[in-house]
Amino acid sequence: MFRRLHEPDGQSVTIDFEGEILKVGVQESVAAALLTANPGYSRKTPVSAAPRLPFCMMGVCFDCLVEIDGVPNRQACMEIVEEGMKVRRQNGTRKLGS
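Residues numbered from 1 in each chain as written. Predicted model: local features only at pLDDT ≥ 70, side-chain atom pairs only at ≥ 80, totals over all residues. Heavy atoms only, no water.

(A) Seen up close, the overall build of the chain. When helices and strands are tallied, the chain shows one helix and seven strands. Reading the helices (α) and strands (β) of the chain from amino to carboxyl end gives β-β-α-β-β-β-β-β. Burial analysis of the chain (98 residues in total) assigns 34% to the buried set. Within the chain, counting contacts between residues at least 6 apart in sequence, those at least 24 apart form 45% of the total. (Helix = DSSP H or I, 4+ residues; strand = E, 2+ residues; numbered from the N terminus. Buried < 20%, exposed > 50% of the residue type's maximum accessible area, 1.4 Å probe, protein only. Contact = heavy atoms within 4.5 Å.)

(B) Summary view of the pattern of salt bridges. Evaluation of the coordinates by the stated rule reveals four salt bridges. Among the ionic pairs, R74 bridges to E79, the shortest N-O distance being 2.8 Å. (Salt bridge = Lys/Arg side-chain N within 4 Å of Asp/Glu carboxyl O.)

(C) Just the pairing of strand β6 (residues 71-75), in detail. The sheet contact formed by strand β5 (residues 65-68) and β6 spans three bridges and is antiparallel. Bridging from a neighbouring strand, L65 pairs with Q75 of β6. Turn length for the β5-β6 hairpin, with the two strands adjacent in sequence and antiparallel, is two residues, and the turn residue D69 shows positive phi of about 50 degrees. (Pairing = 2+ DSSP bridges.)

(D) Spotlight on the environment of Q90. Within the secondary structure, Q90 is located in strand β7 (residues 86-91). On the basis of relative accessible area, Q90 is assigned to the buried category, the value being 7%. Put simply, Q90 and T45 are 45 residues apart on the chain and 9.0 Å apart in space, counted from C-alpha to C-alpha. Setting aside chain neighbours within four positions, we find Q90 in contact with S42, R43, K44, L65, V66, E67, P72 and N73. Here N73 takes part through its side chain, which lies 2.7 Å from a polar atom of the side chain of Q90. (Polar contact = N/O pair within 3.5 Å; in protein donor to acceptor, adjacent residues only side chain to side chain.)

(E) Region of interest: helix α1 (residues 30-37). Turning to α1, its buried residues number three or more, namely V30, A31, A33, L34 and L35. Against the buried residues of α1 lie β1 (12-17), β2 (20-25), β5 and β7. Positive phi appears at N38, one or two residues downstream of α1, with a value of about 55 degrees.

Have a look at this one:
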């Protein structure tokens, strides 16, 4: 779906997305890493279970909610990748207070 304009210049980290190891640039957001890896979707809606991908890439729409290192409701577009990060799809609605 998306592709990088250029490959990371030697500096990269690996993250685990749903058991798949992805090699991404050190300053990429989690959302950008998922878009270029073409995972299909990052979460499902609570009512229809429709798959969603990051949309606004600036923290407004919440379509990119994922679980990062066991913590749900993280906006993938607002998180920078870190070595060994574990990212999982989030299914359904976010819970208040989480």
